[in-house]
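Residue-level structural notes
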Amino acid sequence: MKTLIALLFAAVLAAPAVAAVPTPAQVKAAWQPSEAQLLDRHGQPLESVRIDMAARRQPWVGLADMSPSLGRAVMQAEDQRFMEHGGIDLKAVGQAAWDNLFRVRGSQARLRGASTITMQLAGLLDPALASRAAGRSWRQKWDQALAARELEAGWSKQQILEAYLNLASFRGELQGVGAASRGLFGKAPSSLDLGESAILASLLRAPGAPVREVARRACALAAELKAASSCATIEWQVEVALSRQGAAFRQPPAQVARLLLDGGKGQREVRSTIDGQLQRFAAMTLRRHLAELAGRNVGDGAVVVLDNDSGEILAYVANTGAGEVDGVAALRQAGSTLKPFLYELAIERGLLHAASLLDDTPVDIPTVGGLYVPQNYDRRYHEVASVRTSLAGSLNIPAVRTLMLTGLERFHERLREVGLSSLTEAADFYGYSLALGSADVSLLELTNAYRTLANGGLQGSVTLRARAPERKRRVLDEKGAFIVGDILSDRGARSVTFGLRNELATSFWSAVKTGTSKDMRDNWCVGWSNRYTVGVWVGNFDGGPMWDVSGVSGAAPVWRDLMDYLHRDSPSRAPSAPPGLVRQMVAFTPAVEAPRSEWFVRGSETASVELLAPSQRQPKIVYPADSSLIALDPDIPERLQRVRFLAQGGRELMWVLDGEEMGEAAVEGGWAPVPGKHELQLVGQDGRAVASARFEVRGGAQVVSTFSTSSGGSSAKSTPEIGENSGESER
């Protein structure tokens with residue numbers, strides 16, 4: 001019998017070649033992992049998303065990247081003369097035939113088949129030669145032997161073994177040594193020990209065998225290999241490995257991977273703009289600081305880092321890895337992070353300069369829901385504070401008064417212009433609390449809006465893929481953006497609220513703003529250097545309030561660590577002042593603030609800012625400011641809506657609206673608004689106008705204009721600019 005079988009396979013050796021087999025390079029090129037890989041900007045793997053559900057495959061593993069123990073175990077189990085034969089082991093064929101014919105059924109001796117590793121590889125490469133439940137026909141075995149001979153003629157032994165270990169199925173959906181090693185043992189193939197290698201080799205013959213059978217085979221193989229692991233250890237390893245099958249793959253992919261890879265049009269690799277090293281540092285830093293804040297009921301956070309010039313996203317940490325919420329894209333209440341855009345608007349329109357003094361005394365504003373009474377974060381009032389001090393120290397009342405100057409509609413429009421697309425409601429929905437950040441924004445859009453400030457008012461989009469340079473468009477005045485950046489980089493001005501020593505004070509030039517939303521549900525820190533803009537949010541995804549967390553204790557430490565890391569080799573430089581700005585010493589009378597050198601838009605510079613008594617102040621229309629837009633609220637009866645005209649130095653002056661006298665300017669009153677464009681004047685006793693403002697009322701159908709003075713506290717209870725949101729935002 002043995003002689004007959006030998007003669008048959010000798011004929012195989014002399015037979016002409018069958019169809020040409022693929023080359024090793026072709027097989028490797030055709031291999032496709034089951035997951036699409038997200039690469040960082042340097043081509044290094046970051047994250048992955050599974051796109052093939054039929055099998056679990058990892059990237060191709062070279063033989064040099066596999067543990068030598070694995071090759072030993074596989075050859076011992078499957079093909080002991082692999083290095084000696086030419087694809088067909090005639091001795092094994094004869095022995096297998098003899099054993100199958102004459103060995104007693106039920107024998108406990110371990111039977112080996114006659115298929116060599118090369119023949120098995122031929123079956124993996126050609127579906128027509130693959131093993132079936134009913135077994136192969138003699139014709140299939142003949143073709144398999146011919147294919148094995150062809151493989152041996154064109155491939156090296158190392159190439160055959162490498163391809164076999166990558167193409168073979170080990171357990172369930174795990175195909176290839178990369179998936180098997182990670183899925184069963186949570187490690188790379190290079191780290192497999194002899195016991196683990198014996199387990200993998202034992203799975204090749206019957207990947208779906210029961211746990212006990214796999215353990216029995218692995219124990220016997222480990223003994224043949226003289227492995228240090230005992231049989232009890234092997235059995236335990238088998239039980240653990242097969243029970244955790246694929247657990248290493250069940251981590252949810254990062255949100256940035258989902259953004260680029262989900263439905264990726266068949267792409268197996270996508271290179272992003274993410275810097276892998278920075279991404280890992282940002283994630284680690286966020287986790288560390290959140291662990292420090294756990295006692296203050298802070299559980300979640302997010303980070304985004306942008307390149308100022310290109311708009312490339314360099315880091316995108318959507319969460320700490322504990323869930324699937326995308327904290328970079330989620331909408332949260334902005335807090336005081338919107339104030340820089342408010343003051344930039346006021347400076348751009350010439351309503352204020354950095355040395356202008358603002359009233360910081362209690363103010364109550366009537367709204368449809370009652371009085372809106374904003375307060376400063378520390379519940380203290382400074383009577384007056386300059387624009388520089390108000391913005392750097394994040395004072396709330398001066399911000400609300402500034403919004404009354406710029407106009408609610410104008411500010412709402414400006415926020416939309418800088419890219420905050422989530423402000424979908426009309427301006428009056430937010431009311432004057434918009435100055436303190438009552439609107440919901442995303443971390444990504446807010447950080448990119450700050451990037452607009454960093455770029456001197458030029459706006460561009462962000463990207464996760466490399467692209468050609470983008471043409472930016474101007475949305476902010478360059479001079480106003482520079483002054484705002486100078487204020488936000490001024491640690492002295494910031495000390496009024498935060499002190500001189502805090503997490504916002506970097507050792508290099510940077511501009512930064514913090515924000516805390518109503519009820520301490522959201523905490524922000526967003527700022528920029530000459531090269532990067534960094535945004536950080538911390539809070540709780542479920543909306544739970546934090547306990548005693550401010551801007552400098554919540555998000556700011558993460559921001560500071562990231563800025564220090566980004567500029568570890570090259571410190572940030574302060575920007576140059578654009579044309580049209582002048583720097584001049586300014587003093588205050590009385591000395592409410594120390595004399596200082598201040599930036600002014602050319603033509604607005606002054607050496608002295610004097611705080612006059614109300615009766616001495618130059619007549620001025622405080623509200624409505626020139627070019628204001630006032631929207632009627634459709635939910636409030638028009639007969640109840642009133643606009644209050646506010647004047648500075650209005651004694652012995654009269655209001656004149658569209659040529660019609662409306663009453664004394666010194667007496668507070670309310671005007672029933674009429675849709676259309678209007679001109680309001682302050683007119684002296686000689687009939688000459690000393691101040692004027694043009695504004696527009698939109699909405700409604702009212703045609704009768706009336707003006708009434710208040711008495712006994714019965715002034716108008718609502719203004720159309722303010723919605724029901726009267727909550728207070730903080731630093």
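In case you missed it, the structure is sitting above this.
Before going into details, it helps to say that this report is about the structure given with it. (Residues numbered from 1 in each chain as written. Predicted model: local features only at pLDDT ≥ 70, side-chain atom pairs only at ≥ 80, totals over all residues. Heavy atoms only, no water.)

**Examining the side chain of S510**
Put simply, the test is: Under the scheme used here, helices are H or I runs from DSSP no shorter than 4 residues and strands are E runs no shorter than 2 residues, and both carry numbers assigned from the N terminus. The contact criterion used is simple: two residues touch if any of their non-hydrogen atoms lie within 4.5 Å.
For S510, the location among the structural elements is in the loop between α21 (491-498) and β16 (511-516). Not counting residues up to four positions away in its chain, the partners in contact with S510 are L488, S489, L504, W528 and W559.

**A closer look at unusual backbone geometry**
Counted only if it meets this: We call a residue buried when its accessible area falls under 20% of the maximum for its residue type, exposed when it is over 50%, and partly exposed in between, using a 1.4 Å probe and counting protein chains only.
In this structure, P590 follows T589 across a cis peptide bond, with omega equal to -10°. In this fold, P590 is placed in the loop between β19 (581-589) and β20 (596-601). With phi around 60°, K226 is a residue other than glycine that occupies positive phi space. Within the element layout of this structure, K226 appears in the loop between α10 (211-224) and α11 (231-243). Given the relative accessible area of 74%, K226 is considered exposed.

**Focus on the sheet that holds β19**
In plain terms, the rule: Strands qualify as paired when DSSP identifies two bridges or more between them. To obtain each axis, a line is fitted to C-alpha atoms, and for helices this fit is confined to the stretch in contact; angles are then taken between N-to-C directions over 0 to 180 degrees.
The three strands are arranged β20-β19-β21 in an open sheet whose pairing can be described as mixed. Strand pairing shows two members of the sheet lacking a second neighbour, β20 and β21 (608-610), which therefore form its edges. Across the sheet, the axes of successive neighbouring strands diverge by a mean angle of 45°, strand direction being ignored. The strands touched by helix α20 (residues 478-488) are β19 and β20; relative to β20, the strand with the most contacts, the crossing angle is about 160°.

**Re helix α19 (residues 443-454)**
For clarity, the cut-off: Helices are assigned an expected span. That span is 1.5 Å times one less than the residue count.
With 12 residues, α19 should cover 16 Å at 1.5 Å per step; its first-to-last C-alpha distance of 16 Å lies within 8% of that length. The buried fraction of α19 amounts to 10 of the 12 residues, a majority that puts the element mostly inside the structure. For α19, the full list of buried residues reads L443, L444, L446, T447, N448, A449, Y450, R451, T452 and L453.

**A word on the pattern of salt bridges**
Applicable threshold: For this analysis, a salt bridge means a side-chain nitrogen from Lys or Arg found within 4 Å of a carboxyl oxygen belonging to Asp or Glu.
Under the defined criterion, the tally for this structure stands at 26 salt bridges. E413 is the partner of R410 in a salt bridge, and the nearest nitrogen-oxygen pair spans 3.8 Å. On the criterion of helical spacing, the pair formed by R410 and E413 is a turn pair, its members being three residues apart in helix α17 (residues 408-417). R410 sits in the partly exposed class, given a relative accessible area of 28%. Among the ionic pairs, R694 bridges to E679, the shortest N-O distance being 3.7 Å. You can see R694 sitting in strand β30 (residues 689-698) and its partner E679 sitting in strand β29 (residues 676-683), a full 15 residues away along the chain. Overall, E679 belongs to the partly exposed group, its relative accessible area being 23%. Within the structure, one salt-bridge network assembled from shared partners comprises R388, D486, D490, E593, R596 and E598.

**Comments concerning the state of the cysteines**
What counts is decided by this rule: The disulfide criterion used throughout: a pair of cysteine sulfur atoms within 2.5 Å.
Counted by the stated rule, this structure contains one disulfide. Each sulfur in the disulfide pair C219 and C231 lies 2.4 Å from the other. As the torsion about the S-S bond is roughly 105°, the C219-C231 disulfide counts as right-handed. In this pair, C219 is assigned in helix α10 and C231 in helix α11, connecting sequence segments 12 residues apart. Residue classification places C219 among the buried residues on the basis of a relative accessible area of 11%.

**Let's talk about the sheet that holds β29**
Read from one edge of the open sheet, five strands run β23-β30-β29-β26-β27, paired in mixed fashion. This sheet does not close on itself; its edge strands, each paired only once, are β23 (628-631) and β27 (660-664). Between one strand axis and the next, the sheet turns through 30° on average, direction left out of account. Across eight bridges, β29 lies against β30 in antiparallel orientation. Note that in β30 the partner of V683 across the bridge is A689.

**Some words on helix α9 (residues 194-205)**
Convention followed: Any pair of N or O atoms that falls within 3.5 Å is considered a polar contact. Within protein, one atom must be able to donate a hydrogen and the other to accept it, and sequence-neighbouring residues count only if both atoms are side-chain atoms.
Within α9, 11 of the 12 residues are buried, which leaves the element mostly enclosed by the surrounding structure. Listed as buried for α9 are L194, G195, E196, S197, A198, I199, L200, A201, S202, L203 and L204. As for α9, its buried residues are in contact with α3 (68-78), α7 (157-167), β3 (169-171), α8 (177-185), α10 and α11. In this structure D193 caps α9, since a side-chain oxygen of it lies 3.1 Å from the backbone nitrogen of G195.

**Here's the deal with the packing of aromatic side chains**
Formally: Between rings of Phe, Tyr and Trp, where Trp is taken as its six-membered ring, a pair exists when centres lie within 6.5 Å; planes separated by under 30 degrees are stacked, by over 60 edge-to-face, and by other angles tilted.
Enumeration according to the criterion identifies 10 aromatic pairs in this entry. Aromatic pair Y450 and W528: ring centres 6.2 Å apart, planes at 65°, arrangement edge-to-face. Residue Y450 is found in helix α19, and its partner W528 is found in strand β17 (residues 522-528); the two are separated by 78 residues along the sequence. Among the residues examined, Y450 registers a relative accessible area of 0% and is labelled buried. The class for W528 is buried, based on a relative accessible area of 3%. Seen in terms of ring centroids, F482 and W599 are 5.2 Å apart; in terms of plane orientation they differ by 90°. Their pairing is edge-to-face. One end of the pair, F482, is in helix α20; the other, W599, is in strand β20, with 117 residues separating them in the sequence. In this structure, F482 and W599 share a single accessibility class: buried. Within the aromatic cluster, the residues linked to one another by ring pairs are F645, W655, W671 and F695.

**Quick look at the pairing of β23**
Alternating residues of β23 divide into S628 and I630 and L629 and A631, and every residue in both groups is buried. In this structure, β23 lies alongside β30, joined through four bridges in parallel fashion. From the neighbouring strand, A631 faces β30, where its bridge partner is R698.

**Some points on the nonpolar core**
Here is the rule: Note on terminology: a nonpolar core comprises buried Ala, Val, Leu, Ile, Met, Phe, Trp, Tyr and Cys residues joined through side-chain atoms within 4.5 Å.
Judged by nonpolar contacts, the single largest core of 86 residues is most densely connected at F411, L434 and W671. With residues near it in sequence (within four places) discarded, L434 still touches L338, L408, F411, H412, L415, L423 and A439. Counting 52 residues, the second largest nonpolar core, distinct from the first, contains F82, V214, A215 and A241.

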